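Results of the structural survey
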Amino acid sequence: MEDKNEWGSNLSFILAMIGSAVGLGNIWRYPYVLYSNGGGAFYIPYIVAILLMGIPFLILEYGVGYNFKSSFPKAVRKINSKCEYLGWFLPVAVFMIMIYYSAILGWDGIYMILSFTKGWGADPNAFFATTLLHSTDSYMGLLQFLPVIAIAMLVGWVIIWFISHRDLEKGLGKVSKVLVPLLFVIMIVIVGFSLTLPGASIGLAELFNPDWSLLGNFNIWMAAFGQIVFSLSLGMSIAFTYASYTKDDADLITNTISIALANSLFENFAALGVFSILGYMSLQSGNAVADLVTQGTGLVFVAYPTVFNVLGNWALVLGPLFFLAVYLAGLTSILSTIEPLSFSIQNKFGLTRSKTMSILCVVGAVSSMVYATAFGGSLLGFVDTFINQIALLFGVIVECIVFAWIFKAERLVDFLNSRSKTIKLGKWWIIIVKYILPIFVSIVWIGGLIDVINSGTIHQLNFTIVSAAILLIATLIFTLLPSKNPDWDKAEDRV
Ligand code: PHE
């Protein structure tokens, strides 16, 4: 293959996109979001969010990415030469996600090893917060380096480098074709087993018990839209970059629908597993499911080890499988977070894929070491909130304006429809991407901003400002550095 940045087949593209979408958000975020936002009733805003935002927006991001067959800033620059800055903003923000995602991957790697002997001991909560992370919310924690965490994270970076520095199809394409199906198979085994546990039905009844009264509550609609943005990796320039790597015959509309379906299938399946296990735990401990349910690191690194402690020998199989599933889900997602910035740097500075990936992995690994300190856990929470609630939603709004309005979404309709074997786009699609989406996401964005300002601690506000400064300055540097590639101003229009 001549082009080092091209998928070998449509299957590689779809599986890599599913790999990016299916990540920690599906396993540790979604079950809790579903439960705490009306249970069964949540499906109404959830499905509306997929149909109104997830699928239409992905089609737009894919369509424009496919059209330009170039990196995000190069395309944005071609659309409007004054907007290059906006083009670098998203790839840099996504690379910042990569840096903290690598810490979670490292923690999970440690748990994968511990799970063979239930090495977290009798008190998983104390083990995670104190023994492993030495967690403190004082700045001084930044001076306390944690070598075990650092080593686990570096192992992750070596794996990422090993896969990413190869040509696209030989690395990411091939790996996605193996790891994504493997992840689905492991998840089927885990969930199948969980459903047979005594008490599973208690957990599931609790999960799905619909609270219809919540449907009138604006918050559950925000939660549904927030979940879809995060889970489908919308507005992150990832879908854009992946689509620009496709060959000429892709049916992007059908691909989008397959990816959204696979992602929802996976997260709803994960919810069955999580709540069966919590039901079992509730039966064993006598505590109500409502008292056990949690999300994020609390679910994966505390609630699950607690369950494995009471599960007997089964836990010695289920534990490693579970942490492996989380590792694979995290790995296939983190691999996607380096692609937008890498491709952008290759395009602007004329570097090879291999060299760019090597530089980015070293920069990422070194920067990620701030998370291998006693303040790392708190810091991760602050940066995550900033990126997800503020930076990325802003990205969706920017993409809607630049792509739907300035580039003009109308240009894509005939071309996308001519390749589509399923749904055809009509006026409804234009109305969604030009009006409904930017207005709705702006409302959610302002809500998130107010939330951070009102409810954030002083530490959170400080680190939000530091993260924003790093993001804005790095973006500025990439924009101002002179291009070394004569092709930088020559993005092609395929449509
Ligand atoms: N979509 C991923 C998930 O559900 C998260 C992710 C965010 C992946 C950003 C890549 C980039 O966990």
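Worth saying up front: this structure is predicted, and the values here are computed from it rather than measured. (Residues numbered from 1 in each chain as written. Predicted model: local features only at pLDDT ≥ 70, side-chain atom pairs only at ≥ 80, totals over all residues. Heavy atoms only, no water.)

Attention now goes to the overall build of the protein. A count of helices and strands for the protein gives 21 helices and 0 strands. What you see for the protein is a C-alpha radius of gyration of 22 Å, in line with the 23 Å of a compact globule of 495 residues. The long-range share in the protein, meaning contacts at least 24 apart out of those at least 6 apart in sequence, stands at 86%. Approximately 18,700 Å² of the protein is accessible, and the part contributed by carbon and sulfur atoms is 69%. Treating the 26 positive side-chain charges of the protein as one cloud and the 27 negative ones as another, the clouds have centres 10 Å apart. (Helix = DSSP H or I, 4+ residues; strand = E, 2+ residues; numbered from the N terminus. Rg over C-alpha atoms; globule rule 2.2 N^0.38 Å. Contact = heavy atoms within 4.5 Å. Areas by Shrake-Rupley, 256 points an atom, 1.4 Å probe, with all protein chains shown as cover. Lys, Arg positive; Asp, Glu negative; His and termini not counted. Charge placed at Lys NZ, Arg CZ, Asp CG, Glu CD.)

This part is about the state of the cysteines. For the structure on display, the rule yields 0 disulfides. Lacking any disulfide linkage, cysteine 400 is separated from the closest cysteine sulfur, that of cysteine 83, by 15 Å. For cysteine 400, a relative accessible area of 0% gives the class buried. (Disulfide = S-S within 2.5 Å. Buried < 20%, exposed > 50% of the residue type's maximum accessible area, 1.4 Å probe, protein only.)

Before going further, it helps to spend a moment on the side chain of threonine 241. As for its placement among the helices and strands, threonine 241 is situated in helix α11 (residues 238-244). Within the structure, the side chain of threonine 241 is placed 2.5 Å from the backbone oxygen of serine 237, a separation counted as a polar contact. (Polar contact = N/O pair within 3.5 Å; in protein donor to acceptor, adjacent residues only side chain to side chain.)

So, about the packing of helix α2 (residues 24-36) against helix α12 (residues 252-285). Two elements in contact, α2 and α12, have axes separated by 8 Å at closest approach and are oriented at 75°. By the angle between their axes, α2 is roughly perpendicular relative to α12. Touching Asn26, Ile27, Tyr30, Pro31, Leu34 and Tyr35 of α2 are Asn263, Phe266, Glu267, Asn268, Ala270, Ala271, Val274 and Phe275, all from α12. For the contact of α2 with α12, a count of residues per class yields 10 nonpolar, 3 polar and 1 charged. (Axes fitted to C-alpha atoms, helices over the stretch in contact; angles between N-to-C directions. Parallel < 35°, antiparallel > 145°, perpendicular 65-115°, else oblique. Nonpolar A, V, L, I, M, F, W, Y, C, P; charged D, E, K, R; others polar.)

Moving on to the site of the ligand. Taken together, the neighbourhood of the ligand is formed by 16 residues, with Ala21, Leu24, Gly25, Asn26 and Phe230 sitting nearest. Alanine 21 places a main-chain nitrogen or oxygen 3.0 Å from an oxygen atom of the ligand. Note that a nitrogen atom of the ligand is positioned 3.1 Å from one of the side-chain N or O atoms of serine 233. About the coverage of the ligand: the protein hides 100% of its 320 Å² of free accessible area. In this structure, the ligand is accommodated by the largest cavity. At the level of secondary structure, the elements contributing two or more residues to the shell around the ligand comprise α1 (10-21), α2, α5 (84-114), α10 (218-231) and α15 (314-337). Here the residues of the shell around the ligand sort into 7 nonpolar, 9 polar and no charged. (Near = heavy atom within 4 Å. 1 Å grid on protein atoms, 1.4 Å probe; cavity = no way out; pocket = protein on both sides within 12 Å on 5 of 7 lines; lining within 4 Å. Sits in = over half its atoms within 2 Å of the grid points.)

A separate point is the side chain of serine 344. For serine 344, the position within the fold is in helix α16 (residues 339-349). In contact with serine 344, not counting residues within four places along its chain, are Ser71, Phe72, Pro73, Trp88, Pro91 and Trp488.

Judged by side-chain polarity, Phe218, Ile401, Trp405, Ile406, Ile431, Tyr435, Ile436, Ile439 and Ile443 come together as a nonpolar surface patch covering roughly 790 Å² of accessible area. Of all the elements in the fold, those that place two or more residues in the nonpolar patch are α18 (376-408) and α20 (427-455). Among the elements that line the nonpolar patch, the one with the most residues is α20, at 5 residues. Following the sequence through the fold, isoleucine 406 ends up in helix α18. (Patch = residues over 30% accessible without salt bridge, like charges linked within 9 Å, V, L, I, M, F, W, Y side chains within 5 Å. Salt bridge = Lys/Arg side-chain N within 4 Å of Asp/Glu carboxyl O.)

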